[in-house]
Amino acid sequence: MHQYIGGERRAASTGESLEVLDPSTDETLETVTLAGPDDVDAAVAAARDAFEEWSRATPLERSTVLARAAALLDERAEDLARLESRQAGKPIRLAREFDVPGTVDNTAFFAGAARRLDGLASGEYSGEHTSSIRREPVGVVGSIAPWNYPLQMAAWKVLPAVAAGNTIVLKPAEITPLSALPFAEAFTEAGAPPGVVNVVTGSGPVAGEHLVAHRDVAMTSFTGSTAVGRRVMATAAATGKRVHLELGGKAPFVVFDDADLEAAVHGAVAATLINAGQDCTAAARAIVHRSVLEEFVRGVADLYAQVRIGPTADEATDLGPLSSRAHQAKVAGMVERARGYATVVCGGAAPTGELARGSYYAPTLVTDVPLGSELWTDEVFGPVLAVVPFDEDDEAIRLANDTEFGLAASAWTRDTYRAGRAGREIAAGCVWVNDHIPIISEMPHGGYKSSGFGKDMSAYSFEDYTAVKHVMHDITGEAHKAWHRTIFTLPG
Ligand code: NAD
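Residues numbered from 1 in each chain as written. Predicted model: local features only at pLDDT ≥ 70, side-chain atom pairs only at ≥ 80, totals over all residues. Heavy atoms only, no water.

Asks: How would you explain helix α6 (residues 180–189) if you had to name every residue and give the values?
Replies: Residue pairs three or four apart in sequence face the same way in an α-helix, which turns once every 3.6 residues. Those residues of α6 lying buried are A180, L181, F183, A184, A186 and F187. Positive phi shows up at G191, right after α6, with a value of about 115°. (Buried < 20%, exposed > 50% of the residue type's maximum accessible area, 1.4 Å probe, protein only. Helix = DSSP H or I, 4+ residues; strand = E, 2+ residues; numbered from the N terminus.)

Asks: Mind laying out unusual backbone geometry, listing which residues take part and the relevant values?
Replies: Not every positive phi belongs to a glycine, and A276 is a case in point at roughly 55°. Within the secondary structure, A276 is located in the loop between α9 (261–273) and β12 (283–289). On the basis of relative accessible area, A276 is assigned to the buried category, the value being 5%. A positive phi is found at K449, a non-glycine position, where the angle reads about 50°. By the element assignment, K449 lies in the loop between β17 (430–433) and β18 (452–453).

Asks: Run through the domain arrangement of the protein chain, naming residues and quoting values.
Replies: Buried accessible area, meaning the area lost when the parts come together, often serves as the stated size of an interface. Domains assigned within the protein chain are domain 1 (3–247 + 451–471) and domain 2 (251–433). Each of domain 1 and domain 2 was reduced to a C-alpha centroid, and the two centroids are 31 Å apart. Of the residues lining the interface, 24 residues belong to domain 1; the matching set on domain 2 comes to 32 residues. Taken together, both faces of the contact between domain 1 and domain 2 bury some 2,200 Å²; the carbon and sulfur share is 45%. Linking domain 1 with domain 2 are five salt bridges. Measuring nitrogen to oxygen at the nearest pair gives 3.9 Å for the salt bridge that ties E27 to R357. Where domain 1 touches domain 2, the interface holds 15 residue pairs in polar contact (both at pLDDT 80 or more). Taken together, the elements giving at least two residues each to the side of domain 1 that touches domain 2 come down to α4 (92–113) and α8 (226–237). Here the element with the most residues in the side of domain 1 that touches domain 2 is α4; it accounts for five residues. Of the residues that constitute the side of domain 1 that touches domain 2, the class distribution is nine nonpolar, seven polar and eight charged. (Domains from an automatic or database assignment. Contact = heavy atoms within 4.5 Å. Buried area = accessible area lost by both parts, 1.4 Å probe. Salt bridge = Lys/Arg side-chain N within 4 Å of Asp/Glu carboxyl O. Polar contact = N/O pair within 3.5 Å; in protein donor to acceptor, adjacent residues only side chain to side chain. Nonpolar A, V, L, I, M, F, W, Y, C, P; charged D, E, K, R; others polar.)

Asks: Help me get a handle on the UniProt feature "active site" (unreviewed entry) in the protein chain, residues and values and all.
Replies: Residues given the UniProt feature "active site" (unreviewed entry) here are E246. With respect to the element layout, E246 can be found in strand β10 (residues 242–246). Look at E246 and you get buried, because its relative accessible area is 2%. Beyond its immediate stretch of four places on either side in the chain, E246 contacts K157, F222, T223, G224, L407, H445, G446, G447, S451, G454, K455 and D456. (UniProt positions renumbered as here; feature names shortened; annotations may be inferred.)

Asks: Help me get a handle on the site of the ligand, residues and values and all.
Replies: As a matter of local geometry, the ligand sits amid 29 residues, with A145, E209, S225, L247 and E379 nearest to it. Here an oxygen atom of the ligand sits 2.8 Å away from a polar atom, N or O, in the side chain of W147. Between the ligand and G224, the relevant distance is 3.4 Å, taken from an oxygen atom to a main-chain nitrogen or oxygen of the residue. Here the ligand loses 91% of its free accessible area of 860 Å² to cover by the protein chains. Of all the secondary structure elements, the ones that give two or more residues to the shell around the ligand are α7 (204–213), β9 (219–223) and α8. Residues belonging to the shell around the ligand are distributed by class as follows: 14 nonpolar, nine polar and six charged. Of the residues that make up the shell around the ligand, three or more belong to each of domain 1 (3–247 + 451–471) and domain 2 (251–433). (Near = heavy atom within 4 Å. Areas by Shrake-Rupley, 256 points an atom, 1.4 Å probe, with all protein chains shown as cover.)

Asks: Could you give an account of the packing of α9 against helix α10 (residues 293–306), naming the residues involved and the relevant values?
Replies: Relative orientation of the contacting elements α9 and α10 amounts to 50°, with a least axis distance of 9 Å. It follows that α9 is oblique to α10 by the angle criterion. Considering how the two elements wind past one another, α9 and α10 form a crossing that is right-handed. The segment α9 lies against α10, with L261, A264, V265, H266, A268, V269, T272 and L273 engaging E295, F296, G299, V300, L303 and Y304. Broken down by class, the residue content of the contact of α9 with α10 amounts to 10 nonpolar, three polar and one charged. (Axes fitted to C-alpha atoms, helices over the stretch in contact; angles between N-to-C directions. Parallel < 35°, antiparallel > 145°, perpendicular 65-115°, else oblique. Left-handed = near helix turned anticlockwise from the far one by under 90°.)

Asks: Before we move on, could you go through the pairing of strand β7 (residues 167–171) and cite the residues and values that matter?
Replies: Of all the five residues making up β7, five are buried; the element is thus mostly covered by neighbouring parts of the structure. For strand β6 (residues 140–144) and β7, the ladder comprises five bridges, and the chain directions are parallel. Note on β7: the bridge partner recorded for I144 is K171. In the classification by handedness, the crossover that spans β6, the intervening helix α5 (residues 150–163) and the parallel β7 is right-handed. Between the parallel elements β7 and strand β8 (residues 197–199), the chain passes through α6 in a crossover that is right-handed. (Pairing = 2+ DSSP bridges. Right-handed = clockwise from strand over helix to strand, strands pointing away.)

Asks: Outline the pairing of strand β3 (residues 17–22), supporting the account with residue identities and numerical values.
Replies: Of the pairings in the sheet, the one linking β3 to strand β4 (residues 27–33) comprises six bridges and is antiparallel in character. Counterpart to S17 in the pairing with β4 is T33. Here β3 hands over to β4 after four residues, with D26 in that stretch at a positive phi of 65°.

See the structure below:
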């Protein structure tokens, strides 16, 4: 049963279902029932019922639940890694070393952060009143997650919300709903009142849309594509609810002529192939100084040729499949069209033989990419790197910013002034210097421009999941306050 509502697993009321496939083999992993509006209503009602108790729990009580949940998730790390690897097509090494430990660490981080939900200064700002600032939970949060990092995205949505005293209904992506369920169950097992964390597994247009439009949902947090994010924002506008959006990316990877080229080449391979390139911060546009362009392209192509493509359960696999056949066709279509206007240096095809059973796609390097072309402007979300040259530093920064997106970027240089300039002038929520991809629980993740707004992870996410309240106490005890004369004067 695949709805987790009020602390219990339930079947969906619709009678409809969807097969969750293993993209390594296209075999069915599990058949999941699809939530309809009635299931979403039940989950929102459970979250609303749990809100009073959970929002009044002390920071220590909330922190204790989160710390226990972190321990439970850690105990189940291997099972979670296998599940995540199979449903999302992740090489088992990635699930074991990145997705699951990242989720456990995030949960532990928010256990600590729950005790540091500080308001600002309190004091006598008017001389006649004491003012204090309270940070209060917003209410029931409705969250919608994408398929690329199902467990981590569930964590990024659930943790700041519940650490701050909100309750939540999470809708995972249709094709990867499985790991969100044991994740949510860990909070109830850890002592959260039933209904604090609920999961509805359903389609975006039905369950997702109903959750966003729901009158009892105070806030929508959404991670996914920019197009759907905009639609979510429009739907949320009808009830005027708070919106938190984490959207697409097209990260620039800028290699200056003084860069450690070996580091840049290795960095580019890691930053394009992580999660088969299905990472919103993945390097997508290499902007490389003309003097090192040839060496960079040769280095990346050489390493791409050594990457081991294979089934996710195999410890030796570097690159697993794309998430689905539909996504494989999308990536392949973009590369095929690019052949008409650019040079495909390597890759550009799905592997044959045994690997034809799954939705694999070879690492692909494309040069001579015209600015304004589809490969330059649109998210591919696959293991595909577009390369363009530059001559002057100003041009490099301009090219880096030549995108509607602004989620992440990197600059590769040994010159501290160039690095400083890139950090300041590239418009993105994260700019790495001499690295690309690492994230940590203490630091915020979130976009600029069409990559959305709002922060995941870190104490900054509390700002998005709390309302700020000013409480003002009169301290004079006087019935006839001096300021009243501005409004009315008594006769005589
Ligand atoms: P998507 O936008 O197609 O779907 C995301 C979620 O929205 C899914 O759960 C889907 O069911 C739901 N949805 C679809 N239509 C809806 C509607 N009308 N109302 C409500 N919900 C609806 O994205 P995807 O293909 O699952 O994920 C890939 C995208 O996510 C990429 O663009 C990627 O860059 C982005 N992403 C961003 C971040 C980030 O932190 N910025 C992280 C991961 C992924």
